[in-house]
Each structure stands twice: as structure tokens, then as C-alpha cells.
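Structural features, examined
Below, each chain spelled out in residue letters.
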Amino acid sequence: MTDGSPYWNDLLKLRDPAWREPTQAQQDKLTADVQRLAYRLGAEIWSRADEIADMPPRTRDAVTGYAPDRYLSTLRALRAVKDAADDAAALIASEAGHRGAGYPQLGKAWDITRQAARLRWPGAVSVINEANNQEPVHFEMYGGEARISFHPDEGGWWWIATAANRKVQEAPADLTYDTSAEAAAAAGAFLAANTTDGD
């Protein structure tokens, strides 16, 4: 809940960058924590777990340390960790998208392209956010005209233009732009290149 203060107004705006990169020490600790978690889960799902449950602790530890399939059970547990991380990422991406983040920001956070983020988390970006509520932009240039609009499903800006020589073109179906200015520049380049019938 906001109180209208400058702090809250600033807090509700996307900050870029939104994070600091983890230090090597933080990454090493995370790796160790994940390994411990996977080792515990691996012990639970190991196919020999019931067979060795009643062994004396020292014998059980020895068996656990030498059995190659014990390491395979931990590897399978790590795959479960990855699946859980993917599920958690989808939830967090959706939360971020419904609070105003777009696919460019989601992609940057996951270190993938905007298009890859849209494919990975379809529907994560809410149609109810500041970027999506901007009115389309219409402009005339070089005797032609263009319209720039935001496409929520694509997570970016798109253009269509009619040049002075009456050629009509639009942004490719698989391409959107991070900002309206980028889309306008692409539309303007098309208009500039098609000023007369001889071009």
C-alpha cells in the first residue's frame, strides 16, 4: 500500500539495473548449498536407501561413499533442483511482469534475449502496466506516415508505415523493439528509403 510519498513513487518504478551481480563468494556458497540439498534428496531417492537403513552408521557411510549409483541418485536430485528452479523462475517472472516489468527486463535478468524470455514465460507480462497503456504513436515523415504501438503479447514495440511512394511495410512478425524510439527509428528508415517511385 502506498502513501503517496516520493519514496513509494520511486519504489514502484523499475530500476535499471535491478540487481548487483553475485560475488564469487556468494556464487560459491549457493553452489555448496545446492549440493547439500541435492545430496540429501539423493539419499532419500536412492534405490538402496531401504536396504542400508538398518546398517550401523559407519558401514552405511562406507557403502554410501563407494556406491556409484549413490552419485547417480544425487545427479537425479540435481535435475529435480533444476526443475524446481525453472518452476520458481516462472512464478517470479510472472510476478515481475504483473508489476510492470517487460520481456526486455525479464530476459536481462535471466541472461537471455527478450524474444527468448517471451517464449520461456508466455503471458508473464501483464497488459495492465504503464508501458502497455501508452497510446500508439503516429507520425509523418518524408511524405509518408507511420504508426508505432506496444504489443503486450510480444513484450515490445512494433511499427507499420506507408511511404511516399505508397509502399507499405511493417516490422517483421518475429521482431519487436524495446522502446518506441527504436521502433520509430526503424519506421523512419523505411520512410526515408521510399520517398519516390524511383527508389
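I will try to describe carefully the structure that is included in this document. The shown structure was predicted, so the numbers you read here are calculated from the model rather than taken from an experiment.

Cut-offs applied
- Residues numbered from 1 in each chain as written.
- Predicted model: local features only at pLDDT ≥ 70, side-chain atom pairs only at ≥ 80, totals over all residues.
- Heavy atoms only, no water.
- Core = buried A, V, L, I, M, F, W, Y, C linked by side-chain atoms within 4.5 Å.
- Buried < 20%, exposed > 50% of the residue type's maximum accessible area, 1.4 Å probe, protein only.
- Helix = DSSP H or I, 4+ residues; strand = E, 2+ residues; numbered from the N terminus.
- Contact = heavy atoms within 4.5 Å.
- Salt bridge = Lys/Arg side-chain N within 4 Å of Asp/Glu carboxyl O.
- Patch = residues over 30% accessible without salt bridge, like charges linked within 9 Å, V, L, I, M, F, W, Y side chains within 5 Å.
- Areas by Shrake-Rupley, 256 points an atom, 1.4 Å probe, with all protein chains shown as cover.
- Pairing = 2+ DSSP bridges.
- Axes fitted to C-alpha atoms, helices over the stretch in contact; angles between N-to-C directions.

**Side note on the nonpolar core**
Formed by 16 residues in total, the largest nonpolar core has its most connected members in Ile148, Trp159, Tyr177 and Leu191. Among the elements of the structure, strand S2 (144-151), strand S3 (156-162) and helix H8 (180-193) are those that each provide at least two residues to this core. Other than its neighbours up to four places away in sequence, Trp159 contacts Arg147, Ile148, Gln169, Glu170, Ala171, Tyr177, Ala183, Ala186, Ala187 and Phe190. Core analysis: the next-biggest nonpolar cluster, separate from the first, contains 9 residues, Ala89, Ala117, Ala124 and Val125 among them.

**Concerning the pattern of salt bridges**
If you walk through the whole model with that rule in mind, you get 7 salt bridges. Note that Asp33 is salt-bridged to Arg36, the shortest N-O span being 2.3 Å. Separated by 3 residues within a single helix, Asp33 and Arg36 lie in helix H2 (residues 24-45), roughly one turn from each other. Residue classification places Asp33 among the partly exposed positions, given a relative accessible area of 28%. The exposure class assigned to Arg36 is partly exposed, which follows from its relative accessible area of 47%. A salt bridge links Lys82 to Asp86; the shortest N-O distance between them is 2.9 Å. With a gap of 4 residues between them, Lys82 and Asp86 both fall in helix H5 (residues 68-98), about one helical turn apart. Residues joined by salt bridges that share partners form a network here, namely Lys29, Asp33 and Arg36.

**Remarks on a nonpolar patch on the surface**
Taken together, the side chains of Leu72, Leu75 and Leu78 define a hydrophobic patch exposed on the protein surface, amounting to about 290 Å² of accessible area. Looking at the element boundaries, Leu75 is found in helix H5. When its relative accessible area of 54% is taken as the criterion, Leu75 is described as exposed.

**Brief notes about the sheet that holds strand S4 (residues 168-170)**
Here we have 4 strands laid out as an open sheet, ordered S1-S2-S3-S4, and antiparallel in their pairing. Edge positions in the open sheet fall to strand S1 (137-141) and S4, since each of these has one partner strand only. Here the average twist between neighbouring strands, direction ignored, is 15°. Pairing analysis gives 3 bridges linking S3 to S4, with the strands arranged antiparallel. Residue pairing for S4: Ala161 is matched across the bridge by Gln169. Against the sheet, H8 touches S1, S2, S3 and S4, its axis set at about 20° to S3.

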